[in-house]
Structure formats: structure tokens, C-alpha cells
Amino acid sequence: ELTRLAGRATDADPRLVPAYAFGGGALMWLCRAPEAAIRLLEKGIAYNPGAGRLRLYLAAFVYRQANRMKEEIAVLERIAVDPEAPPMTRRILANAYVRQGDLRRAAAVWRFVRDSSADPGERAWAEEKLARAGRR
């Protein structure tokens, strides 16, 4: 369903870079549909060759597919600091740190979200993660 919706949104306006970024991220990390995510990003890059962030997302997806966590995290770190990045990218980065056993870095992401997000749900998520980890 998300594949179809993202396709319709980007067909309506092929220059809508946030639709490619959000749709691709959701397809890859939430829906676990990497092929659809990669196709959507490749479409976005074709219509928006100057949109570097779409290339970053594609790189992160490729590293995920290759199970290259270190490289994926490096790309996610670049994506997560972009103010236009979908909030899910910060969650994914924090989760990647947790998978690596790096709670210090995960807590830094959670604090960043808690202190900077305008979304009350995102702030609550970060607070809960910090409390569970004993890292307020």
C-alpha cells in the first residue's frame, strides 16, 4: 500500500524530494521492503539529480542490504542531522547504536530528539528510551 501511495505522490510531483525521502525510509526500515525503497529512491534521483540526500538514503539502504552496519551508521549520522530528515531517521540511528551496544551514542540521539523535536510524540519516545536506559 505504501509503495502505491508513494508512487502516486511522486507521480503527481516528481520534484517532491521529501516524498521520496520519507517514502523510501518507511519502505526500507519500517515496512522492510528494500526493493521498493530502492526503486523509489532511484526514481527520485532520476527526477532530482541534485538532491544529495536521496543519494545518502540510497547509500544507507545499500549498506543495510549488504549488512554493513558501520557504513550504514556513518550515512545515517549524516542524514539524521538534516533538519528536513524524517524523524524516523533519528530513531533508526539510535536503534543502530543500540544494536552495536553503544548506549552512549544512542542516548545522545535520544537527548537530541528530546531537546529539539517539535513533535510531542517524538519527545515522549526519546524520554522513554532515556528512562529505560537509565540515561536521563
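Above this text you will find the structure in question.
Caption draft 1: Focus on the packing of aromatic side chains. A complete count under the given rule lists two aromatic pairs for this structure. Centre to centre, the rings of Y57 and F61 are 6.4 Å apart; their planes meet at 85°, and the pair counts as edge-to-face. Placement of the pair is Y57 and F61 together in helix 4 (residues 52-65), with a separation of four residues, close to one helical turn. Accessibility assignment for this pair places Y57 and F61 in one class, buried.

Caption draft 2: The nonpolar core, seen in detail. W29, L54, Y57, F61, I79, L93 and W110 are the most contacted members of the largest nonpolar core, which has 41 residues in total. Breaking this core down by element, the ones donating at least two residues are helix 2 (17-30), helix 3 (34-47), helix 4, helix 5 (69-80), helix 6 (88-99), helix 7 (103-116) and helix 8 (120-133). In terms of residues, this core owes the most to one element, helix 2, which gives seven residues. I79 has contacts with L56, Y57, A60, A85 and T89, leaving out every residue within four places of it along the chain.

Caption draft 3: Local environment of the pattern of salt bridges. Counted by the stated rule, this structure contains eleven salt bridges. Between D115 and R114 there is a salt bridge, with the nearest N and O atoms lying 2.8 Å from each other. In this structure, the salt-bridge partner of R114 is E127, at a minimum N-O distance of 3.7 Å. Placement of R114 in helix 7 and of E127 in helix 8 is noted, with a sequence separation of 13 residues between them. Residues participating in the shared-partner salt-bridge network are R114, D115 and E127.

Caption draft 4: Quick peek at unusual backbone geometry. A positive phi angle is found at R32, which is not glycine, with a value near 55°. Inspection of the secondary structure puts R32 in the loop between helix 2 and helix 3. Looking at R32, the relative accessible area reads 61%, which means it is exposed.

Caption draft 5: The arrangement of the environment of L58 in detail. Assignment of secondary structure puts L58 in helix 4. Residue L58 is classed as buried on the basis of its relative accessible area, which comes to 18%. It is 8.5 Å that separates the C-alpha atoms of L58 and A37, two residues lying 21 residues apart in sequence. With residues near it in sequence (within four places) discarded, L58 still touches I38, L41, E42 and I45.

Rules and cut-offs
- Residues numbered from 1 in each chain as written.
- Predicted model: local features only at pLDDT ≥ 70, side-chain atom pairs only at ≥ 80, totals over all residues.
- Heavy atoms only, no water.
- Phe/Tyr/Trp six-rings, centres within 6.5 Å; stacked < 30°, edge-to-face > 60°.
- Helix = DSSP H or I, 4+ residues; strand = E, 2+ residues; numbered from the N terminus.
- Buried < 20%, exposed > 50% of the residue type's maximum accessible area, 1.4 Å probe, protein only.
- Core = buried A, V, L, I, M, F, W, Y, C linked by side-chain atoms within 4.5 Å.
- Contact = heavy atoms within 4.5 Å.
- Salt bridge = Lys/Arg side-chain N within 4 Å of Asp/Glu carboxyl O.

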